[in-house]
Structures are given as structure tokens and as C-alpha cells.
Amino acid sequence: MLNAQHENGTFDRSWTVSESSAILRAVDALHAIPVADAGLAARIAAATARSLARLTTTQHADGGWGRLPDDPSDVLSAAQAVSVLARHGDPLSVSRAVAYLLAQQEADGGFTLPPDQVGPRPLPFDYPVLTDIHSLFALSAARLPAVNTWPGPSRASPAGWSALQASLQGVLLTPEQAAYEQARLLVNQRFDGRRPQAIAYPADVHDVVACIDFARTSRIPLALRSGGHSYAGYSTGPGLVLDTSSLNSTAVSGGRAVLGAGVKGGQAHHALAAAGAGLPLGR
């Protein structure tokens, strides 16, 4: 791959028309390789610099990129360039490109582009969602520099946790307590390695307020947990987990239902069924 890079920082485009598409895939692949050899690492760094220079110099005045430098800007080429620059390049170029992408979003939330393909195929094909996917990846990647430069979550002091516990009617668990190890686990074993600083079980809304205020003033991440089923692991985190399972009251009357944040699906169904109503599940 290193030997295949052109002097101007580009790579052969193969099936894609877009120059930035080939650069994205090549740079991502090079940086996915565990490198122990200093010489190889230097070559990868130099190749990345050449590709970044190409993208920087071919960015258009509107913030976008064309499939080739002389082509008008298009969403897919811009999205693929952003995904490279956000990880390795100039934040100013990224911000201009993000402004371009956001301006191209249509009223239904999507992005459109003619099919991106070269090479002999028996039938031309169109894959419209490809542009949406790359645009979303690019907009997500554009946030990475701020995340990567963050020094990491703050840690509250033992005295701070003690003060929080004293202010709660509910329970606060820290790693020193025997119940913590089981309490920190989610339904999905994929996240068994997560170890929050503490897990709070608020007894009422005042406890919830106290936990949120504590997380804000201590500058520690706050994760909310009800059933602990989040596929993405959002039910846990490196700071304070606020478990709402004890806030499971239900009140159904007069055509109105009020369900606590900790109410599970089965409990909600039983409460609503008594009133002749129902609730669709997330599935």
C-alpha cells in the first residue's frame, strides 16, 4: 500500500470515482496496522502527511471536495475527506467541511448523490443510503478531536462520595462495597469490564437532583440506567451511574398514565391493561 501511493498523496481509485474515497480507505487501513518497527511507522506517517496535504489543497471554497479536484463539490467526496481530516488533519478544514455537509442535508434528513462507481459492471446500480451513511460517519468523526484531547473523566474524592451518600435517602455503592461487583454489571456481558466510580439508587426525585448536581460540580460523567439493556452500553460509564430501578411507580387514570423512570415493560403492560390500554415495546 505504501508503495502504491502516488507522489501527490493519492491512490488508484479502483471501483470508486472519488479521490477522497480511495484516500480514506488507504489511510484507515494503514493506521489499523499494529506497527512496532520505527522505520515502517515513519513511512506510514509520511504517507498520511502526503494524503492530508492533497486533501487540504484540493478543498473547495465552499468547504467541499469533488470526485476529482476540478469537479464540483459533492456530499460523498466531502464526507470521506472529513473522515480522514478529523482524525489526522486540520480542524479548520474540518469545520468548513462540516458546514458544507450540513448545508447539503435535505428536508427529509437524507443526502443525495449520483451513483459512485467506475469499472465494468453488467448493470449500473444506485445505493442512495451510502451517501447518508458516510455523511453520518463524517459528522460523528468531526467530534473526535475534542473527545481525544479531553484528559479523561475526573474522579471524585472519597470524602465527596461520602457527602453524596449522606445527602441521599437512597443507596450509593462504591467499589469498596461487596454489592458493587454485581450492581455494576449490565444485561449485556460485552460491557462487563466497565467499572463506574459509583452507582446510585435514588429513592425519590430529590435524590436524582442531588446526583445530577454532584456529577456536574465534580465534573464526572453521568450515566442513566433503568433496565440496563442498552445495546450500546449507555447504561454504564466511568463516572456515576444513576440507576432509576427504584423509581417504579405507576398511576393510570382518566386516560392518562404516569410511569416512573424505573418501570419495566412487564409492569407497564399490567398497569395499562387494567385500563384497557397498551404500550408498544421498543422492538
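Note that the structure is a prediction, hence the values are computed from the model and not measured.

Visitor: Where do I start with the overall build of the protein chain in this structure?
Guide: The secondary structure content of the protein chain amounts to 10 helices and six strands. For 283 residues, the compact-globule estimate of 2.2 N^0.38 gives 19 Å, and the C-alpha radius of gyration of the protein chain, at 25 Å, exceeds that figure by more than 25%. Structurally, the protein chain occupies a C-alpha span of about 65 × 50 × 35 Å along its principal axes. Looking at the protein chain as a whole, 39% of its 283 residues are labelled buried. Here the protein chain contributes 21 positive and 22 negative side-chain charges, whose respective centroids are spaced 6 Å apart.

Visitor: Mind showing me how you'd approach the pattern of salt bridges here?
Guide: In the structure shown here, the tally under the stated rule is six salt bridges. Measuring nitrogen to oxygen at the nearest pair gives 2.8 Å for the salt bridge that ties Asp28 to Arg87. Linking Asp28 in helix α1 (residues 19–31) with Arg87 in helix α3 (residues 75–88), this pair joins segments that are 59 residues apart in sequence. For Arg87, a relative accessible area of 37% puts it in the partly exposed group.

Visitor: Would you explain the pairing of strand β5 (residues 250–253) in this entry?
Guide: It is a general feature of regular strands that their side chains alternate between the two faces of the sheet. Across four bridges, the pairing between β5 and strand β6 (residues 256–259) is antiparallel. In the sheet register, Val252 faces β6, and the bridge partner there is Ala257.

Visitor: Explanation requested: a nonpolar patch on the surface in the structure shown.
Guide: Together, Ile33, Val35 and Leu40 give the surface a local cluster of nonpolar side chains, amounting to about 200 Å² of exposed area. Along the polypeptide, Leu40 turns up in helix α2 (residues 38–58). Exposure remark for Leu40: the relative accessible area of 32% places this residue in the partly exposed category.

Visitor: Any chance you could explain the nonpolar core here in plain terms?
Guide: As a rule of thumb, nonpolar side chains are buried together in soluble globular proteins. Leu55, Trp65, Val84 and Leu101 are the most contacted members of the largest nonpolar core, which has 25 residues in total. Elements with a contribution of two residues or more to this core: α1, α2, α3, α4 (91–104) and α5 (129–141). The biggest single contributor to this core is α3, with eight residues. Once residues lying within four places of it in the same chain are set aside, the contact partners of Val84 are Ile23, Leu24, Val27, Leu52, Leu55 and Gly89. In this structure, Ala156, Leu172, Cys211 and Leu240 belong to the second largest nonpolar core, which totals 16 residues.

Visitor: Quick question: what am I supposed to make of the packing of α3 against α5 here?
Guide: Between two packed helices, what matters for the description is the angle formed by their axes and the separation of those axes. At their nearest, the axes of α3 and α5 sit 8 Å apart, and the two run at 25° to each other. Classified by the angle between their axes, α3 and α5 sit roughly parallel to one another. The hand of the α3/α5 crossing is left-handed. For the pair α3 and α5, contact is made by Val75, Leu76, Ala79, Gln80, Val82, Ser83, Ala86 and Arg87 and by Leu130, Thr131, His134, Ser135, Phe137, Ala138 and Ala141, respectively. Of the residues that constitute the contact of α3 with α5, the class distribution is nine nonpolar, five polar and one charged.

Visitor: Even after reading the chapter, I still don't get helix α9 (residues 205–218), so can you show me in this structure?
Guide: Owing to its 3.6 residues per turn, the α-helix brings residues three or four apart onto one side. The terminal C-alpha atoms of α9, which comprises 14 residues, lie 20 Å apart, in line with the 20 Å expected from a rise of 1.5 Å per residue. Within the span of α9, buried status applies to Asp207, Val208, Ala210, Cys211, Phe214 and Ala215. Down the axis of α9, the buried set is contained in an arc of 165°. They therefore lie on one face. Exposed residues lying more than 90 degrees from the buried face of α9 are Val205, His206, Arg216 and Thr217. Packed against the buried residues of α9 are α7 (158–167), β2 (198–201), β3 (222–225) and β4 (240–243). Taking the backbone nitrogen of His206 as reference, a side-chain oxygen 3.1 Å away marks Asp204 as the first, capping residue of α9. Once α9 ends, the next one or two residues include Arg219, with phi positive near 60°.

Visitor: What is the right way to read the packing of aromatic side chains from this model?
Guide: Pairs of aromatic rings are described using the distance from one ring centre to the other and the angle between the two planes. Under the counting rule described, the total for this entry stands at one aromatic pair. Seen in terms of ring centroids, Trp161 and Phe214 are 4.8 Å apart; in terms of plane orientation they differ by 45°. Their pairing is tilted. Of the two residues, Trp161 sits in helix α7 while Phe214 sits in helix α9, which places them 53 residues apart along the sequence. Grouping residues by exposure puts Trp161 and Phe214 together as buried.

Visitor: Just checking my understanding: could you explain the packing of α7 against α9 for this structure?
Guide: Put simply, α7 and α9 touch, their axes get as near as 10 Å, and they point 160° apart. By the angle between their axes, α7 is roughly antiparallel relative to α9. Here α7 and α9 pass one another in a crossing that is right-handed. The segment α7 lies against α9, with Gly160, Trp161, Leu164 and Ser167 engaging Asp207, Ala210, Cys211 and Phe214. Per-class residue counts for the contact of α7 with α9 are five nonpolar, two polar and one charged.

Conventions used here
Throughout, a residue's number is its position along its own chain's written sequence, starting from 1. The model is predicted, so local features are restricted to residues of pLDDT at least 70 and side-chain atom pairs to those at 80 or more, both for listing and for counting; the totals for chains, interfaces and linings are taken over all residues. Derived side-chain values reflect all non-hydrogen atoms in the structure, with water molecules and hydrogen atoms excluded from consideration. We count a stretch as a helix when DSSP gives it H or I for four or more residues in a row; a strand needs E for two or more, and each element gets its number in order from the N terminus. Each radius of gyration is computed over the set of C-alpha atoms, and the globule rule expresses the reference value as 2.2 Å times the number of residues to the power 0.38. Exposed residues in this analysis have more than 50% of their type's maximum accessible area, buried residues have under 20%, and partly exposed residues fall in between, with area computed by a 1.4 Å probe over protein chains only. The positive count covers Lys and Arg only, the negative count covers Asp and Glu only, and His and the chain ends enter neither. For charged residues, the charge sits on one atom: NZ in Lys, CZ in Arg, CG in Asp, CD in Glu. Each reported salt bridge corresponds to a side-chain nitrogen of Lys or Arg within 4 Å of a carboxyl oxygen of Asp or Glu. DSSP bridges decide pairing: two strands pair if at least two such bridges lie between them. Patch definition: residues above 30% relative accessible area lacking any salt bridge, with like charges linked at up to 9 Å and the nonpolar side chains Val, Leu, Ile, Met, Phe, Trp and Tyr linked at up to 5 Å. With residues, only the protein chains shown are counted as cover, and all accessible areas are computed by Shrake-Rupley using a 1.4 Å probe. What is meant by a nonpolar core is a set of buried Ala, Val, Leu, Ile, Met, Phe, Trp, Tyr and Cys residues, joined one to another through side-chain atoms within 4.5 Å. In what follows, residue pairs with any heavy atoms lying within 4.5 Å of each other are defined as contacts. Interaxial angle, 0 to 180 degrees, is taken between N-to-C directions of lines fitted to C-alpha atoms, where a helix line uses only the stretch in contact. What sets the label is the angle itself: under 35 degrees gives roughly parallel, over 145 gives roughly antiparallel, 65 to 115 gives roughly perpendicular, and the rest give oblique. In this scheme the crossing of two helices becomes right-handed for a clockwise turn of the near helix relative to the far one and left-handed for an anticlockwise turn of less than a right angle. By the convention adopted, Pro, Cys, Tyr, Trp, Phe, Met, Ile, Leu, Val and Ala count as nonpolar, Lys, Arg, Asp and Glu as charged, and the other residues, Gly among them, as polar. Here, expected helix span is obtained from the residue count minus one, scaled by 1.5 Å. The directions considered for the arc are those from the helix axis to the C-beta atoms. The definition of a polar contact used here is a pair of N or O atoms within 3.5 Å, where within protein one atom must be able to donate a hydrogen and the other to accept one, and adjacent residues in sequence count solely through side-chain atom pairs. Two aromatic rings, drawn from Phe, Tyr or Trp (for Trp, its six-membered ring), form a pair once their centres lie within 6.5 Å of each other, and the interplanar angle then sorts them: stacked below 30 degrees, edge-to-face above 60, tilted otherwise.

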